[in-house]
Amino acid sequence: DIVIAVKPFWWATMIGAVVVALSMVLLAVNYIASWAMQDRSYSVRTTLAPKLTSDFEADEAPHSDLEGKPVLGFGIKLDRWKSLAFHRGWERSPRIFAWLITASTLFACVLLVLPTWAAGQWSSEGATTNPYTPLELVGRAIYVREGCASCHTQTVRPLLGEVDRYGGEYTNASQFQYDRPTQWSTRRIGPDLGREGGKQNAFWHLQHLQDPQALNEASVMPRFDHLVEAEFSVDWVRALLRHEAELGVTYIEELLADDTLSEEDRLYGEVTELEAALQKQAEEIAMDMVVSGGHAGILDKEVVALIAYLQRLGVAN
């Protein structure tokens, strides 16, 4: 319904973009024509600006209209200060001006960093989510690769309408402590997916990814049926897990760190552990799909991993 309601605004945006594009073309034509018609010989008058001095001239010294009147000296000084004559002195001193700009920039950076630092202190405390499973991690990588965040957000904003629409509490930082990077986005072309997990069964997601218009004729979502044919490899999963481990998230038990194991045995154990975890969750999704009227035989396809990730969104586990 939202997509249908905003379609006229999309047309208005496109018309505005066309007008801007035509304006740029007209500007280019005007520029070229002006250059071609200009006089080949001409001179430009230059004027040298007077040299700036750090000292105030006599007529620039701050003064007050209250001088000589029955006013306290503090009032006269305050009136002089209100003229901000000292600021002109700062502007004329490159050194002072550079230091002031540097100080203000650093102060702004501190204001930006402090909330993030403070959130990092409490976001992991009392967190309601566990790290992504290997299959969900692959699904998230596919989600990012396919640009899903270009149309969908994962942020329920702290507004009454948002909370009522999607249910539950609004988004908080602890829900995204394992997201690198977060997929909050600001687009509202499609519905928010912050609470998508568990709303639909696996077969619905499969149909929706294969042919969105088959479920909703008004949908503007493109097809992602290529995910049904593409397979993901264990090597890809291992690379994702290694990257997450470098960021401090451990998915595999420390049995692989046993010094008595050879490199070959350690690698075999890791692959076996991963295959078991992937197989288990993929079978759960496939079972849900079959029960819902779908078909099996897609355990190692990318669409299963993406469905696993979608079913995780907004679900505390």
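Residues numbered from 1 in each chain as written. Predicted model: local features only at pLDDT ≥ 70, side-chain atom pairs only at ≥ 80, totals over all residues. Heavy atoms only, no water.

Now for the overall build of the protein. Summing up its helical and strand segments, the protein has 11 helices and zero strands in all. The helix and strand sequence of the protein, counted from the amino end, reads α-α-α-α-α-α-α-α-α-α-α. Within the span of the protein, comprising 317 residues, buried residues form 28% of the whole. The long-range share in the protein, meaning contacts at least 24 apart out of those at least 6 apart in sequence, stands at 72%. Here the protein displays about 21500 Å² of accessible surface, and carbon together with sulfur accounts for 62% of that area. (Helix = DSSP H or I, 4+ residues; strand = E, 2+ residues; numbered from the N terminus. Buried < 20%, exposed > 50% of the residue type's maximum accessible area, 1.4 Å probe, protein only. Contact = heavy atoms within 4.5 Å. Areas by Shrake-Rupley, 256 points an atom, 1.4 Å probe, with all protein chains shown as cover.)

Across its 12 residues, helix H5 (residues 134–145) extends 17 Å between first and last C-alpha, which sits within 8% of the 16 Å expected from 1.5 Å per residue. In terms of burial, H5 is a largely internal element, nine of the 12 residues being buried. Among the residues of H5, Pro134, Leu135, Glu136, Leu137, Val138, Gly139, Arg140, Ile142 and Tyr143 are the ones counted as buried. Of the residues trailing H5, Gly147 is marked for its positive phi of about 75°. (Expected span 1.5 Å × (residues − 1).)

Glancing now at the packing of aromatic side chains. To describe a pair of aromatic rings, one takes the distance between the centres and the angle between the planes. A full pass over the atoms with the stated rule returns three aromatic pairs. Between the aromatic rings of Tyr132 and Tyr309, the centroid separation amounts to 5.8 Å while the plane-to-plane angle is 55°, which identifies the pairing as tilted. Residue Tyr132 is found in the loop between helix H4 (94–122) and H5, and its partner Tyr309 is found in helix H11 (residues 302–310); the two are separated by 177 residues along the sequence. Exposure class is identical for Tyr132 and Tyr309. Each is buried. Among the aromatic side chains, those forming a connected cluster through ring pairs are Tyr132, Tyr143 and Tyr309. (Phe/Tyr/Trp six-rings, centres within 6.5 Å; stacked < 30°, edge-to-face > 60°.)

What follows is about the state of the cysteines. Scanning the entire structure with this criterion turns up zero disulfides. The structure places no disulfide on Cys148, whose sulfur is separated from the nearest cysteine sulfur, that of Cys151, by 8.5 Å. Given a relative accessible area of 14%, Cys148 falls into the buried group. (Disulfide = S-S within 2.5 Å.)

Turning our attention to the packing of helix H7 (residues 202–210) against H11. Relative to each other, H7 and H11 sit at 120°, their axes nearing to 10 Å. Taken as axis vectors, H7 and H11 run oblique relative to one another. Handedness of the H7/H11 crossing: right-handed. For the pair H7 and H11, the contacting residues are Ala202, His205, Leu206 and Leu209 in the first and Val303, Leu306, Ile307 and Leu310 in the second. Grouping the constituent residues of the contact of H7 with H11 by class yields seven nonpolar, one polar and no charged. (Axes fitted to C-alpha atoms, helices over the stretch in contact; angles between N-to-C directions. Parallel < 35°, antiparallel > 145°, perpendicular 65-115°, else oblique. Left-handed = near helix turned anticlockwise from the far one by under 90°. Nonpolar A, V, L, I, M, F, W, Y, C, P; charged D, E, K, R; others polar.)

Moving on to the pattern of salt bridges. Here the structure, examined in full by the defined rule, presents nine salt bridges. When the shortest N-O distance is used, the salt bridge between Arg238 and Asp235 registers 3.9 Å. Residue Arg238 and its partner Asp235 are located together in helix H9 (residues 234–246), separated by three residues, close to a single helical turn. By relative accessible area, which is 53% here, Asp235 ends up exposed. Taken together, the shared-partner salt bridges in this structure form one network comprising Arg145, Glu146 and Glu302. (Salt bridge = Lys/Arg side-chain N within 4 Å of Asp/Glu carboxyl O.)

Before going further, it helps to examine the confidence of the model for the protein. Of all residues in the protein, 83% have pLDDT values of 70 or greater, and the mean over the chain is 79. A low-confidence stretch, residues 123–127 (pLDDT under 50), is modelled with six contacts involving residues beyond four sequence positions or located in other chains. Low pLDDT, under 50, characterises residues 253–261; the stretch is placed with eight contacts to residues that sit more than four places away or in other chains. (pLDDT = per-residue confidence, 0-100.)

The subject of this paragraph is the packing of H5 against H11. Packed helices, taken two at a time, are described by the angle between their axes plus the distance between the axes. Orientation of H5 relative to H11, taken along the N-to-C sense of each, is 100°, at an axis distance of 7 Å. On the basis of the axis angle, H5 is roughly perpendicular to H11. Only Glu302, Val304, Ala305, Leu306, Ala308, Tyr309 and Leu310 of H11 make contact with H5, whose side of the interface consists of Leu135, Glu136, Val138, Gly139, Arg140, Ile142, Tyr143 and Arg145. Residue classes in the contact of H5 with H11 are distributed as 10 nonpolar, one polar and four charged.

A separate point is the nonpolar core. Among the nonpolar cores identified, the biggest contains 37 residues, and Leu135, Leu206, Ile285, Met289, Val303 and Ile307 are the most heavily contacted of them. Listed by contribution, the elements that provide at least two residues to this core are H5, H7, H9, helix H10 (263–291) and H11. Here the element with the most residues in this core is H11; it accounts for eight residues. Those residues in contact with Ile285 that sit more than four places away from it in its chain are Leu135, Ala202, Val304, Ile307 and Ala308. (Core = buried A, V, L, I, M, F, W, Y, C linked by side-chain atoms within 4.5 Å.)

Here we come to a nonpolar patch on the surface. A cluster of nonpolar side chains, contributed by Trp11, Met14, Ile15, Val18, Val19 and Leu22, occupies part of the molecular surface with about 620 Å² of accessible area. One can find Leu22 in helix H1 (residues 2–37). For Leu22, a relative accessible area of 56% gives the class exposed. (Patch = residues over 30% accessible without salt bridge, like charges linked within 9 Å, V, L, I, M, F, W, Y side chains within 5 Å.)

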